[in-house]
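What follows is each chain in one-letter form.
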Amino acid sequence: MLVDRTAALLLDGYLFGERLRRDARSDIVRTRLLGEPVVIVVGRDAARLVYDPERFERASAVPRRIQETLTGSRGVQTLDDDAHAARRSLVMSMMGDDAVEAFRDVVADEWRAASRRWHPEQRVVVFDEAREVFFRAACRWTGAPTPPDHEVPIVAAALASLVDGFARVGPRRWLARASRRRLEGWAANIVRDVRAGVEAVHPDAPLTRLANHREHGEELDEHVAAVELLNLLRPITAIAWYAAFVAHALHAHPLWRERLRSSDDDDLDAFVQEVRRRYPFTPFVGARVRRPFAWRGETFEPGTLVLLDVVGTDHDPRRWGDPAAFRPDRFLGRDIDAYAFIPQGGGPHAGGHRCAGERVTIEGMLATTAFLGREVRYEVPAQDLRIPLGRIPTRPRSGMVLTDVRPVASTPAAAGADETLRRAS
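Residues numbered from 1 in each chain as written. Predicted model: local features only at pLDDT ≥ 70, side-chain atom pairs only at ≥ 80, totals over all residues. Heavy atoms only, no water.

## Considerations on the state of the cysteines
Considering all chains together, one arrives at 0 disulfides under this definition. With no disulfide partner, Cys139 has as its closest neighbouring cysteine sulfur the one in Cys355, 18 Å distant. Take Cys139: its relative accessible area is 0%, and that puts it in the buried class. We classify Cys355 as partly exposed; its relative accessible area is 27%. (Disulfide = S-S within 2.5 Å. Buried < 20%, exposed > 50% of the residue type's maximum accessible area, 1.4 Å probe, protein only.)

Written as structure tokens, this is what we have:
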């Protein structure tokens, strides 16, 4: 009889899979979570396995407790086969090159607007500011109406709570469930107003595409449309976690910060990819076995829940030399393996179940890194910079506090000083 290790998961967080594998001395570990038998796997080959649609399905792999908080019910994450392909095609239609690049510009604009609101003596908490920056950017990019300024922090915090409470019990989960109920009502009103012509939205905006999308000849149910609107707004707002990680990495690696101030976009992109690899966000992705098969000496029975250890795969020493080190250079001139690098799921981006919004996340992080690394100077006062791996999702304990934030001087003397620093690094 397998021992239920739910309590250990809540305590160990991102280290749960690693500790199980170390004790079992195997990359395939069987355990029990929330009373259900579970198989945990790790690595590139395991990722390729779990994303094989002939062997796995996902419609029943998203627990109800996650649907009640993070994803909502009947959203794209809970679909398979033709239903998933149809809904994903809607999402991917919003992710063209021009649209994704435009998102980066919107985020950059929102960071600059936020900085103009900061007072010279203000202690800027990057995580808190980023929630609002990315929520405003999400509204502008999707075409959703931005709430009045005094309501923006409230709605942004509610969206972030969906992410913050999905993997927990107790108050964080209760807040997430309450936030989802309120947000789904808010999003349903937006969809209703767009369909009725009350809310004027650009015809090519993602919100317009969503409101007018038809499946089997029918408009999406209003509830489902609201869920999918939140599935656009919520993950964009959640880039706030990565923004805090970017600020943490810039502070922890000052030579890279100086290098980014005058280097090209290849360095910027490599820095962002290494932040995504090194800093943990998603702990696992799950799928259920469709039909029986054997793999590496193990038999997988239909209905078995299999969890792919995302953090373990992104830190697999067989694929990443010195995986604990922060080394953006590892991404320069290197093609990214869609199964060895899976911070937002595995497999090709164009199809399957890899996060459809991955490119939006990357562009948002690029804009944030450029802003913090090139456009402003600041001090990082004494604070708790630890990142607790027992907390899912985690972030720097302090949220990354900055003080004396000011624009980078553009005088010839300042440019000369920048060049001296770049050469020294």
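## Digging into the sheet that holds strand S3 (residues 56–57)
Strand order in the open sheet formed by 5 strands is S1-S2-S10-S7-S3, and the pairing between neighbours is mixed. The open sheet terminates on both sides in strands that have one partner only, identified here as strand S1 (28–33) and S3. Its contacts with the sheet place helix H2 (residues 16–24) against S1, strand S2 (36–41), strand S7 (284–289) and strand S10 (305–309), and it is angled at close to 120 degrees to S1. (Pairing = 2+ DSSP bridges. Helix = DSSP H or I, 4+ residues; strand = E, 2+ residues; numbered from the N terminus. Contact = heavy atoms within 4.5 Å. Axes fitted to C-alpha atoms, helices over the stretch in contact; angles between N-to-C directions.)

## A look at the packing of helix H12 (residues 239–252) against helix H13 (residues 254–262)
At a minimum axis distance of 5 Å, the contact between H12 and H13 shows a crossing angle of 105 degrees. By the angle between their axes, H12 is roughly perpendicular relative to H13. From H12, Leu250, His251 and Ala252 reach across to H13, where they touch Pro254, Arg257 and Leu260. Residue classes in the contact of H12 with H13 are distributed as 4 nonpolar, 1 polar and 1 charged. (Parallel < 35°, antiparallel > 145°, perpendicular 65-115°, else oblique. Nonpolar A, V, L, I, M, F, W, Y, C, P; charged D, E, K, R; others polar.)

## Some remarks on the nonpolar core
Residues Phe103, Trp111, Phe134, Phe271, Val275 and Leu372 are the most contacted members of the largest nonpolar core, which totals 92 residues. Ranked by residues supplied to this core, first place goes to H12 with 11 residues. Each residue touching Phe271, except ones within four places of it in the same chain, is listed here: Val246, Ala249, Leu250, Trp256, Leu260, Phe326, Pro328 and Thr369. Counting residues in each nonpolar core, the second largest holds 20 residues, with Phe56, Val289, Val306 and Tyr339 among its members. (Core = buried A, V, L, I, M, F, W, Y, C linked by side-chain atoms within 4.5 Å.)

## Notes on unusual backbone geometry
The omega angle of the peptide bond from Ile392 to Pro393 is -10 degrees, so this bond is cis rather than trans. Within the secondary structure layout, Pro393 lies in the loop between strand S11 (376–379) and strand S12 (401–407). Within the chain, Arg25 stands out as a residue other than glycine whose phi angle is a positive 55 degrees. Within the element layout of this structure, Arg25 appears in the loop between H2 and S1. In this structure Arg25 comes out as exposed when scored by relative accessible area, which is 81%.

## As for the packing of aromatic side chains
Under the criterion given, the structure shown has 17 aromatic pairs. Taken together, a centroid distance of 5.7 Å and an interplanar angle of 70 degrees make the contact between Phe56 and Phe293 edge-to-face. In this pair, Phe56 is assigned in strand S3 and Phe293 in strand S8 (residues 293–295), connecting sequence segments 237 residues apart. The exposure classification of Phe56 matches that of Phe293, with both residues buried. (Phe/Tyr/Trp six-rings, centres within 6.5 Å; stacked < 30°, edge-to-face > 60°.)

## Notes on the sheet that holds strand S4 (residues 124–125)
What the 3 strands build is an open sheet, ordered S4-S12-S11; its pairing is antiparallel. Of all the strands in the sheet, just S4 and S11 have a single pairing partner and so form its edges. Direction of pairing for S4 relative to S12: antiparallel, over a ladder of 2 bridges. Across the sheet, residue Val125 finds its bridge partner in S12, namely Val401. Set on the sheet, helix H16 (residues 358–375) makes contact with S11 and S12; between it and S11 the angle comes to about 75 degrees.

## A short note on the environment of Arg386
Of note, Arg386 is situated in the loop between S11 and S12. C-alpha of Arg386 to C-alpha of Val169: the two residues are 217 residues apart in sequence and 23 Å apart in space. For Arg386, the residues in contact, after removing those within four places along its chain, are Arg395, Pro396 and Arg397.

## So, the packing of helix H6 (residues 97–117) against H16
The geometry of H6 relative to H16 is characterised by a closest axis approach of 9 Å and an angle of 35 degrees between their N-to-C directions. For the element pair H6 and H16, the recorded crossing hand is right-handed. Contacts between H6 and H16 involve Asp97, Val100, Phe103, Arg104, Val107, Ala108, Trp111, Arg112 and Ser115 on the former and, on the latter, Arg359, Val360, Glu363, Gly364, Leu366, Ala367, Thr368, Phe371 and Glu375. Split into classes, the residues belonging to the contact of H6 with H16 amount to 9 nonpolar, 3 polar and 6 charged. (Left-handed = near helix turned anticlockwise from the far one by under 90°.)

## Here we look at the pattern of salt bridges
A complete count under the given rule lists 40 salt bridges for this structure. Arg330 serves as the salt-bridge partner of Glu274, at 3.1 Å between the closest nitrogen and oxygen. Taken together, the residues Glu274 in helix H14 (residues 265–278) and Arg330 in the loop between helix H15 (310–314) and H16 connect sequence positions 56 residues apart. Put simply, Arg406 and Glu379 hold a salt bridge, and the shortest N to O gap is 3.9 Å. You can see Arg406 sitting in strand S12 and its partner Glu379 sitting in strand S11, a full 27 residues away along the chain. For Glu379, a relative accessible area of 41% corresponds to the partly exposed category. (Salt bridge = Lys/Arg side-chain N within 4 Å of Asp/Glu carboxyl O.)

By themselves, these are just geometric observations and shouldn't be taken as functional.
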